[in-house]
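Notes for the structure review
Residues per chain are reported as follows:
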Amino acid sequence: MTALPLESMRHSPWIYFPKPNPSAALRLFCFPYAGGSALLFRPWPNHILPKVEICAIQLPGRAERLSEPYFTHINELVPPLTEALSPLMNKPFAIFGYSLGAVIGFEFTRRLRRQSAQQPLHLFVAGRRAPQIPATRAPRYELPEDEFISELKRLKGTPDEVLEHTELRELILPMIRADFALDETYDYRDEPPLDVPLSAYGGLEDPDVSQKEIAAWRLQTTAAFELSMVPGGHFFLHTSPTGLFESINRRLMLLSS
C-alpha cells in the first residue's frame, strides 16, 4: 500500500472527521448502512469517549462524492478502501459497521490480515446477519421502483417525505440501489476466523435479522465475542442508541487505557 501523508488524509474524500482529534489514543472507523453517508456519524463525538477519534467512511456516490460512480460489489470496493485508510493505521484503531457497513468492515479486516497489515483492536458489527449465512430473500436492488420504495418504507430507514419528493427520490434511489447491490451480491468466501475480539448487536424487533443470525458472528473470531440484543427494529441505531453507545464505550475504554 502506498501511504499518503497523514495530513492529506484529513482532506480525503473517503474520510469524514466529525470532530478532528489528532492526539486521540485510538481511532474508530465507522461504516454506514445501505443508503447512509458519513454524516450518520456526525453526532458520535458527543457520545463516544473523547480520547477516541471518529473516522466516518464516505463511500462514492453521496455527499461531496455525488458525481463519483457507485461500487456495487464488495470485492471491488475493499481494495481502494484499504489503500485510502492505510495512513490512518499509524495508531491503534477499531471498526464499527452497521448493516451493510458490518460486512464491509469485516471484509476490510480480512484483507488487512491477508496483507499482514495491522489489525483492528476490536470489531463492532450491528444489524447484519453473520456473513457466512446465505440470504433467504430474493435480491431487492433490481425491484421496480414502486416495489423498491415500498421495501424502503417497510424498513423505515428512509423518511417518507424524502421518498415522496420526486427530485429527492430521483437523487437518492440510484445510490440506495447500488448499496443494496453491494450487500446482496456479496459472495462470502470461507477463511479462518479472525483473531480480533468481536461485539455483535441486533434489534429485538428487527423483522429481517434474527438473534440467531447475529449470534452466528461468534464463528468469525477465535478471540472474545459478545452478543447484545437491544430494543428496536433494524434501525435501532436511531431509536435506541444509548445502550449501544454504552457498550461500545466500555470496550473502547479498555482498548485505550
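Along each chain, numbering runs from 1 in the same order as the chain's sequence is written. In keeping with the model being predicted, local features are shown solely for residues with a pLDDT of at least 70 and side-chain atom pairs are shown and tallied solely at 80 or more, while totals for entire chains, interfaces and linings include all residues. Excluded from the side-chain calculation are hydrogens and water; included are all heavy atoms of the structure.

1. Structural notes on the sheet that holds strand S3 (residues 52–57)
- The sheet built from 7 strands is open, its strands ordered S1-S3-S2-S4-S5-S6-S7 with mixed pairing. The open sheet terminates on both sides in strands that have one partner only, identified here as strand S1 (15–16) and strand S7 (225–230).
- For two strands to be treated as a pair, DSSP must find no fewer than two bridges joining them. Helix and strand assignments follow DSSP, with helices taken as H or I runs no shorter than four residues and strands as E runs no shorter than two, numbered in order from the N terminus. Note that S1 and S3 share 2 bridges and pair antiparallel. Looking at S3, one finds that tyrosine 16 is bridged to alanine 56.
- Contacts from helix H3 (residues 100–114) reach strand S2 (26–31), strand S4 (93–98) and strand S5 (123–126) within the one sheet, and its direction differs from that of S4 by about 145 degrees. Two residues form a contact once any of their heavy atoms are found within 4.5 Å. For helices, the fitted line uses only the C-alpha atoms of the stretch in contact; every axis is such a line through C-alpha atoms, and the angle between N-to-C directions lies from 0 to 180 degrees.

2. Considering the pairing of S2
- Each residue is assigned to one of three classes by its accessible area relative to the maximum for its type, calculated with a 1.4 Å probe on protein chains only: buried under 20%, partly exposed between the two thresholds, exposed over 50%. Most of S2 is tucked away: 6 of the 6 residues are buried.
- Every second residue of S2 is oriented toward a common face, with Leu26, Leu28 and Cys30 on one face and Arg27, Phe29 and Phe31 on the other, all of them buried.
- By the bridge criterion, 5 bridges tie S2 to S3 in an arrangement that is parallel. Following the sheet pairing, leucine 26 is matched in S3 by valine 52.
- Two strands pair when backbone bridges link them, and S2 and S4 are joined in this way by 5 bridges, in the parallel orientation. Within S4, the residue paired with arginine 27 across the bridge is phenylalanine 93.

3. As for the pattern of salt bridges
- Should a side-chain nitrogen of Lys or Arg be within 4 Å of a carboxyl oxygen of Asp or Glu, the pair is scored as a salt bridge. Applying the stated rule across the entire model yields 17 salt bridges.
- Between arginine 169 and glutamate 145 there is a salt bridge whose closest N-O contact spans 3.5 Å. Of this pair, arginine 169 sits in helix H6 (residues 166–184) while glutamate 145 sits in helix H4 (residues 145–155), and the two are 24 residues apart along the sequence.
- For arginine 169, a relative accessible area of 17% puts it in the buried group.
- Classification of glutamate 145 as partly exposed rests on a relative accessible area of 43%.
- Of the charged contacts in the structure, one is a salt bridge between aspartate 187 and arginine 189, with a shortest N-O distance of 2.7 Å.

4. Topic: the layout of surface pockets
- Residues are said to line a cavity or pocket when one of their atoms sits within 4 Å of a point; the points come from a 1 Å grid over protein atoms alone, cavities being sets where a 1.4 Å probe fits but cannot get out and pockets being open sets with protein on both sides within 12 Å along at least five of seven lines. Grid points are joined across faces, edges and corners, and a volume is the space filled by probe spheres set on the points. Considered as a void within the structure, the largest pocket measures approximately 1,000 Å³ in volume.
- Forming the boundary of the largest pocket are 47 residues, of which Tyr33, Ala34, Gly35, Ser99 and Phe180 lie nearest the centre.
- Of all the elements in the fold, those that place two or more residues in the lining of the largest pocket are H4 and H6.
- Take the lining of the largest pocket: its biggest share by element is 7 residues, from H6.
- Gly counts as polar in this scheme, as do all residues outside two lists: the nonpolar Ala, Val, Leu, Ile, Met, Phe, Trp, Tyr, Cys and Pro, and the charged Asp, Glu, Lys and Arg. The residue inventory of the lining of the largest pocket, partitioned by class, reads 26 nonpolar, 12 polar and 9 charged.
- Taken as a whole, the second largest pocket spans an internal volume of roughly 280 Å³.

As far as function goes, none of this settles anything; it's purely spatial.
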